[in-house]
There are 2 protein chains.
Amino acid sequence: MDQITVFSPASVANVGCGYDTFGFAIDGIGDQITIAKRSDDQLVLERSIGADLPTNPKENVATIAVEAFLNHLGSRAGFTFTIKKSFKPGSGLGSSASSAAGAVFGVNHLLGNPLDTKDLLPFVMEGEAFASKSYHADNVAPALMGGFNVIRSYDPLDIFQVPTPENLHVLIIFPDVEVKTSEAKALLPKTLAIPEARNQWANVAGVISAMYSADFELLKKSVTDFIAEPVRKKLIPGYEEVKRIMCENGSVGFNISGSGPSMFSFFKDANDLEGVKQEVKELYEALGFDLILHTSKINHQGSKIIS
Amino acid sequence: MDQITVFSPASVANVGCGYDTFGFAIDGIGDQITIAKRSDDQLVLERSIGADLPTNPKENVATIAVEAFLNHLGSRAGFTFTIKKSFKPGSGLGSSASSAAGAVFGVNHLLGNPLDTKDLLPFVMEGEAFASKSYHADNVAPALMGGFNVIRSYDPLDIFQVPTPENLHVLIIFPDVEVKTSEAKALLPKTLAIPEARNQWANVAGVISAMYSADFELLKKSVTDFIAEPVRKKLIPGYEEVKRIMCENGSVGFNISGSGPSMFSFFKDANDLEGVKQEVKELYEALGFDLILHTSKINHQGSKIIS
């Protein structure tokens, strides 16, 4: 096999209380990456569709991650990449994680799967580290492996997954404004008072318990964030109004996706979604921003081969 | 019915990472409280066995809690209490919570159960607040209701329970040294850096997931504490040695119980317990401290009527 096309999903990190800890994959949006073997040892981004990605292989998250992987293998293989993005970098949906995860996943396959998918994670994180200037796994793990992931430890890296309720629906709300991850990060407090931190981890416990027990009332209360939401919501036009619309219309958990501007909202009943989408559309029409709405369930597969 | 005897169990709070958040009840040790109706409106502690408890009803956690309950009901009933403790106050096993929970639970029963057990919690917390100078529910909730409890929120009070693996055994190790809760509290940091707090809540997620999935490897890794253990372990003679004995002999989670000096250790196999107990006995004989060892499973009943 000399060419492959991979789909690597978008993902929602933080999930309210689980700052730098929780991340889940969604269905239907993400990166479609075509990878072809080359006769030389170059990594070439031939084309990017849907975003203007850096073509220098030292500056592109996908090729940086693949290079780390090839170095680990001691391989001198070369590949040409075409990346088609269904959402832009800077959307808060793990764009760089999708590109890095899909590229490494596809290259591993073209090389005959020398590593198990989960063991690709450290290389994918190299790409992500370039994009975010620090090691994060909360988008990378779901983009690669799917599911609802918990990064228990970064040193050593230790990740586990929790089951999610069958009827859990996710609405992604992406107003087209730019929120720079670095700017969103700079707003965060450096320390937390113990009682504040306690409230955060008590909600973390609530989200995990709710995922296992399908307790949507507990989920709704626990998807709460005392750290990032209070400062980052100001970067997202219409945030409070969207939150109000969700709260009043059956959402069982709403917050910022990653560092925004995308937002996510959980629903237990797909019938609640249509009215809500209409209200949000009208809101952003009035505010004068383009808007993408996407509904999904939790994606438990992660990166996959589509041809 | 004019007289009742109630058993209210000891409990383990914090459970490693879940500072002020997790608490579970144990079997076999706790307070045995006999309560008799009086013809006047007095609350009288007639006798305490196993500890020298304050007889002034304004200074005893049991009578303070009962008084709060009676005030809520608008009742002018009076009761005489005899409290027999199987462990001392200051042991780190929720002594005041056992007394307060058992007393209120028993009085509720003698009054014909005007409230459901879970609705007694705020009054039990009044007693606990007197003992610890602040509102805590991590011993009170398990002493009253049993099980593994998570205090999701203090304001408003919101508690949920998670299931625990059938074969989870608990070893309680109580060396007879005094650790004052106030002293143990004063040692704690006031703030946490975000990365430290993140590690704490990632482990909180791990403990909850492990309880649902019976993943003992995850449990062992997640029962870790970055806040209290590093400073409080110095107050407990032999702590590091006990931890080493546990780690080397099949423990699937070890830490300080509450503010100590008691410690708890989880095991998935009761056969591992005997050898471990012998080693700990020898350790504390050499150190010159009396020692109580107690094995239990998680108690899912909480306070109960025994006669």
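Cut-offs applied
- Residues numbered from 1 in each chain as written.
- Chains lettered and ligands numbered in written order.
- Predicted model: local features only at pLDDT ≥ 70, side-chain atom pairs only at ≥ 80, totals over all residues.
- Heavy atoms only, no water.
- Contact = heavy atoms within 4.5 Å.
- Buried area = accessible area lost by both parts, 1.4 Å probe.
- Salt bridge = Lys/Arg side-chain N within 4 Å of Asp/Glu carboxyl O.
- Polar contact = N/O pair within 3.5 Å; in protein donor to acceptor, adjacent residues only side chain to side chain.
- Helix = DSSP H or I, 4+ residues; strand = E, 2+ residues; numbered from the N terminus.
- Nonpolar A, V, L, I, M, F, W, Y, C, P; charged D, E, K, R; others polar.
- Pairing = 2+ DSSP bridges.
- Axes fitted to C-alpha atoms, helices over the stretch in contact; angles between N-to-C directions.
- Expected span 1.5 Å × (residues − 1).
- Buried < 20%, exposed > 50% of the residue type's maximum accessible area, 1.4 Å probe, protein only.

Examining the interface of chain B and chain A
- Chain B puts 37 residues into the contact, and the matching count from chain A is 37 residues.
- Between chain B and chain A, roughly 2800 Å² of surface is buried when both sides are summed, and carbon and sulfur atoms account for 66% of that area.
- Note that Lys221(A) and Asp158(B) form a salt bridge whose closest N and O atoms lie 2.9 Å from each other.
- The interface formed by chain B and chain A includes 23 residue pairs in polar contact (both at pLDDT 80 or more).
- Within the residue set of the side of chain B that touches chain A, elements represented by two or more residues are strand S5 (148-154), strand S6 (157-162), strand S8 (191-193), helix H6 (194-213) and helix H7 (216-222) of chain B.
- Looking at which element gives the most residues to the side of chain B that touches chain A, the answer is H6(B), with 14 residues.
- Class assignment for the residues of the side of chain B that touches chain A results in 21 nonpolar, 10 polar and 6 charged.
- Across 3 bridges, strand S8 (residues 191-193) of chain A lies against S8(B) in antiparallel orientation. Across the sheet, residue Thr191(A) finds its bridge partner in S8(B), namely Ala193(B).

Some points on the sheet that holds strand S9 (residues 254-256) of chain A
Residue and element names in this part refer to chain A.
- Pairing within the open sheet is antiparallel, and its 4 strands lie in the order S9-S10-S7-S11. The open sheet has two edge strands, S9 and strand S11 (291-297), and neither has a second partner. The mean inter-strand angle of the sheet, taken between neighbouring strand axes irrespective of direction, is 20°.
- Bridging between S9 and strand S10 (residues 263-267) involves 3 bridges; their strand directions are antiparallel. Each bridged residue has a counterpart across the sheet, and for isoleucine 256 the counterpart in S10 is methionine 263.

With respect to helix H6 (residues 194-213) of chain A
All names here are of chain A.
- With 20 residues, H6 ought to run about 28 Å at 1.5 Å a step, and its terminal C-alpha atoms sit 28 Å apart, in line with that.
- When you tally the buried positions in H6, you get 15 out of 20 residues, the bulk of the element.
- Phi turns positive one or two residues past the end of H6, at alanine 214, with a value near 55°.

Regarding the sheet that holds strand S11 (residues 291-297) of chain B
Residue and element names in this part refer to chain B.
- Pairing within the open sheet is antiparallel, and its 4 strands lie in the order S9-S10-S7-S11. Edge positions in the open sheet fall to strand S9 (254-256) and S11, since each of these has one partner strand only. Adjacent strand axes in the sheet meet at a mean angle of 20° when their direction is disregarded.
- Here strand S7 (residues 169-175) runs beside S11; their pairing, made up of 7 bridges, is antiparallel. Directly across from isoleucine 172, in S11, lies its bridge partner histidine 294.
- Sheet strands touched by helix H9 (residues 239-248): S7, S9 and strand S10 (263-267). Its angle to S9, the strand with the most contacts, is close to 160°.

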